[in-house]
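Listed here are the chains, written in short residue letters.
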Amino acid sequence: MTEKAWTRWPSREALGRAETSGPRRLLGWIVRALVLGMLLWGVFTRSPAHGWGALGAAAGVLLAAFGAWALYRTTLAHRLWPSLALFTVLLGIAVGAQVAGFRVAALVIWCGCAVTALERLPIAAALPVASVALASYSAVDNDAWLTTAATMAGLALAGYVLRLDAEARGNAQRLLAQERAARAAEAESAALAERSRIAREIHDVLAHSLSAQLVHLEAARLLIEKGADQEQILERVVAARGMARDGLAETRQALSALRGELTPLEDFLTQLVATAEGGEATVSGERRPLPAEASQAVRRVAQEALTNVRKHAPGAKTQVRLEYGEHEVTLVVRDSGGSPGELGVTGAGYGLLGMRERAELLGGSLDAGPDEEGFMVTLKVPV
């Protein structure tokens, strides 16, 4: 046994009653009450003293009970010298009880001191206290020496077993506290991740909405510079206003979508393609619900890709294909190509970059580049 083990206190979790089950606490109080009741009963029924002597003996029993309670508090606080002082007081009370003729009370106090010392003190301090208590017990006990030795060994073993049991309980409580702290940290991390997810979702919604508005407003500007008809200009302005309204509505819906309140992805893509000229949407594979983040990634990439078609290849036919695989879902947006529109220079070009980052956060990928005829965007997200 190392030097640290000799001087180490049992942990406060082991010495305390925190996390102790209700039945175990009740059993402990019942045992204490029975011991105290038996001692008091012995004082008043088998006492060699009567009158004030019996009351003095009862006061001694109550003083011993108070000392035991104080000993619990000092050992719980890991205060060595006050604990040793209280053990000395209790051993003195036992000697006084033996001298006064209360042999049973003295034996109970000596045995209790031995067991408690081994259970609650550092081993280096517990051994002398237990040795004194057990030696006093053996000096007074009238049984055969073999019986007395067996009783002393049993008491020492009981105290050490109680110590081991308390340490095991304390370790379990510490592990439980660590697990609770880990769960709290995990919950906090999940909350932070959720906030980041919400912020990313709102960013993508607003980025798409503002990009679409910019397309129409830039078109209105070009029409004004060319002196176009007022109705054409008004049509673009009204479309930009509609995009702003839709963007606000999508921002509100984003929070609901993150909670799983999503419209079917196939219906969303069908409605989205219906707003494009010559658009077509197809779905293949076994349809199944997707996680909220995967579903949102597919929706945002489809929106961004169609917005880019309007900007860079106005009038081009668009094909949107959604494929359900065994372990992933694939979205392909392909356009037939066309002459670059006047709006192709608008925007900062960060839309698909943001979609690629979203896909990578989900463990997927996004590829975008020229196709045989036009431009193709391919998103793959594991599910």
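Placed above this text is the structure.
Presented here is an overview of the structure given in this document. These numbers were taken from a predicted model, which means no experiment stands behind them.

### Quick notes on the side chain of threonine 74
Counting through the fold element by element, threonine 74 comes out in helix H4 (residues 52–76). At 3.1 Å, the side chain of threonine 74 forms a polar contact with the side chain of serine 83. Once you skip the residues sitting within four places of it in the chain, threonine 74 turns out to touch Arg79, Pro82, Ser83 and Leu86.

### Comments concerning the environment of leucine 272
Looking at the secondary structure, you find leucine 272 in helix H10 (residues 265–274). The sequence separation of leucine 272 and glutamine 303 amounts to 31 residues, and the corresponding C-alpha distance is 7.4 Å. Setting aside residues no more than four positions away along its own chain, leucine 272 makes contact with Ala302, Gln303 and Leu306.

### A closer look at the packing of helix H6 (residues 103–120) against helix H7 (residues 123–140)
Following both chains from N to C, one finds H6 and H7 inclined at 155 degrees, their axes separated by 8 Å at the closest point. With respect to H7, the axis of H6 lies roughly antiparallel. The handedness of the crossing between H6 and H7 is left-handed. Where H6 approaches H7, its residues Arg103, Leu107, Trp110, Cys111, Cys113, Ala114, Ala117 and Leu118 are matched on the opposing element by Ala126, Leu127, Val129, Ala130, Ala133, Leu134, Ser136, Tyr137 and Val140. Residue composition of the contact of H6 with H7, grouped by class: 15 nonpolar, one polar and one charged.

### What to know about the pattern of salt bridges
A complete count under the given rule lists five salt bridges for this structure. Residue arginine 183 is joined to glutamate 179 by a salt bridge in which the shortest nitrogen-to-oxygen separation is 2.6 Å. With a gap of four residues between them, arginine 183 and glutamate 179 both fall in helix H8 (residues 145–225), about one helical turn apart. In this structure arginine 183 comes out as exposed when scored by relative accessible area, which is 55%. A salt bridge links arginine 321 to glutamate 323, with the shortest nitrogen-to-oxygen separation between them at 2.5 Å. Note on glutamate 323: relative accessible area 27%, which makes it partly exposed. Overlapping salt bridges bring together Glu218, Arg221 and Glu225 as one network.

The rules behind these values
- Per chain, residue numbering runs from 1 following the sequence as it is written.
- Under the rules for a predicted model, residues below a pLDDT of 70 receive no local features and side-chain atom pairs below 80 are neither given nor counted, while totals for whole chains, interfaces and linings still include all residues.
- Based on all heavy atoms of the structure, the side-chain values leave hydrogens and waters out of the count.
- Secondary structure elements are defined from DSSP: runs of H or I of at least 4 residues count as helices, runs of E of at least 2 residues count as strands, and each element is numbered from the N terminus.
- A 3.5 Å cut-off defines polar contacts: any pair of N or O atoms within that distance qualifies, except that in protein one atom must be a possible hydrogen donor and the other a possible acceptor, and neighbouring residues in sequence count only when both atoms are side-chain atoms.
- Any pair of residues with heavy atoms lying within 4.5 Å of one another is described as a contacting pair.
- Lines are fitted to the C-alpha atoms to define the axes, a helix being fitted only along its stretch in contact, and any angle between axes, read from their N-to-C directions, falls within 0 to 180 degrees.
- Oblique is the label for any angle not covered by the other classes, which are roughly parallel (under 35 degrees), roughly antiparallel (over 145) and roughly perpendicular (65 to 115).
- Rotating anticlockwise by less than a right angle from the far helix to the near helix defines a left-handed crossing, while the corresponding clockwise rotation defines a right-handed one.
- Gly is placed with the polar residues, together with every amino acid not listed as nonpolar (Ala, Val, Leu, Ile, Met, Phe, Trp, Tyr, Cys and Pro) or charged (Asp, Glu, Lys and Arg).
- Each salt bridge in this description consists of a side-chain nitrogen of Lys or Arg and a carboxyl oxygen of Asp or Glu lying within 4 Å of one another.
- Only protein chains enter the accessibility calculation, which uses a 1.4 Å probe. A residue is then buried if its area is under 20% of the maximum for its type, exposed if over 50%, and partly exposed in between.

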